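For reference, the chains in residue letters:
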Amino acid sequence: MNDHLSCIIVDDEPLAVRLLESFVAKTPGLELLASFTDSVEAINAVKEQRPQLLFLDIQMPDLNGMELAHMLPEGTKVVFTTAFKEYAFESYEVSALDFLLKPIRYNKFIAAVEKAREWFLRSRDIPQGSSDLPPASVPTVASGQKPGTTVYIKVDGEYRQIAFSQIVYVNGMKDYVMFYLEGQNKPLITHLTMKAVEEMLPPQQFMRVHRSYIVALDKIRKVDRNDCIYIGEEIIHVTEVFLPRFQEYLKSKAVTG
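Residues numbered from 1 in each chain as written. Predicted model: local features only at pLDDT ≥ 70, side-chain atom pairs only at ≥ 80, totals over all residues. Heavy atoms only, no water.

A.B. asks: Just give me the short version of the packing of aromatic side chains, but keep the residues and values in it.
C.D. replies: Scanning the model with the defined rule gives 9 aromatic pairs in all. Ring geometry for Tyr 169 versus Tyr 213: centroids 6.1 Å apart, planes at 45°, classification tilted. Here Tyr 169 is found in strand E9 (residues 167–173), whereas its partner Tyr 213 is found in strand E13 (residues 213–216), with 44 residues between them in sequence. Using a relative accessible area of 15% as the deciding quantity, one classes Tyr 213 as buried. Put simply, the rings of Phe 23, Phe 55, Tyr 106 and Phe 109 touch in pairs and so form one group of aromatic residues. Sitting above the plane of the Trp 119 ring, Lys 77 keeps its charged end 4.7 Å from the centroid. (Phe/Tyr/Trp six-rings, centres within 6.5 Å; stacked < 30°, edge-to-face > 60°. Helix = DSSP H or I, 4+ residues; strand = E, 2+ residues; numbered from the N terminus. Buried < 20%, exposed > 50% of the residue type's maximum accessible area, 1.4 Å probe, protein only. Lys NZ or Arg CZ within 6 Å of the ring centre and 35° of its normal.)

Pasting the structure below:
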């Protein structure tokens, strides 16, 4: 199967364009169709040449990267390049495959290319006319598992299946939530509200303890005298509105002499 990828580079900084061009040149299986420092010129070329991959800066005059990303033809996936990490969450809104923070290192570039290659290989295996997987808020059954033990969430434009037993805690930020899983350093980030996540997770296993946090009850290591939960690498303070319910749960589980 041909796993070559075509790409276009768009960045208003010539030095950034040249760096990415050098990365493309030494990456097997990656074909550069064109490079642009003008985003308006770039969108016309992208629509005409339809590259599989677009390395796209976010902060540009006239037409910024986020605006351009909303205008892409079907089949073109984005890898954002920017010096500003605060744009990371916005990148998920347009189903970007990856987000590279400047100054970009070649190993990070290669990792993004491999992620794109895997995405395109998987997309070829999906039968034409098949529907998408269920939305993120609908629990589904994994092969060999009992009903209601897993859920699909949309990450980087694709659906990832996770088991409830993997989830340590969930952290919400505006319209995005981060799922922290056992054995993984980086969270899975998806476009959801905390309310939707709270309704999605089984209440016997999870509890909301803060406006921005839901915890897996069986993953709590300890609770200190200040009502702070120690879980994963995080210390979460149980806020007043959620405290009565959490204290009731603790009393039901506590062993007293």
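Structure shown, so let's carry the discussion forward.
A.B. asks: Go over helix H1 (residues 14–25), please, and point to the residues and values.
C.D. replies: Owing to its 3.6 residues per turn, the α-helix aligns residues three or four sequence positions apart on the same side. For H1, spanning 12 residues, the distance from its first C-alpha to its last is 16 Å, which sits close to the expected 16 Å at 1.5 Å a residue. Ala 16, Val 17, Leu 20, Phe 23 and Val 24 are the residues of H1 that are buried. The arc that holds every buried residue of H1, seen down its axis, measures 120°, which confines them to one face. Facing away from the buried surface of H1 by more than 90 degrees, the exposed residues are Leu 15 and Ala 25. (Expected span 1.5 Å × (residues − 1). Arc of directions from axis to C-beta.)

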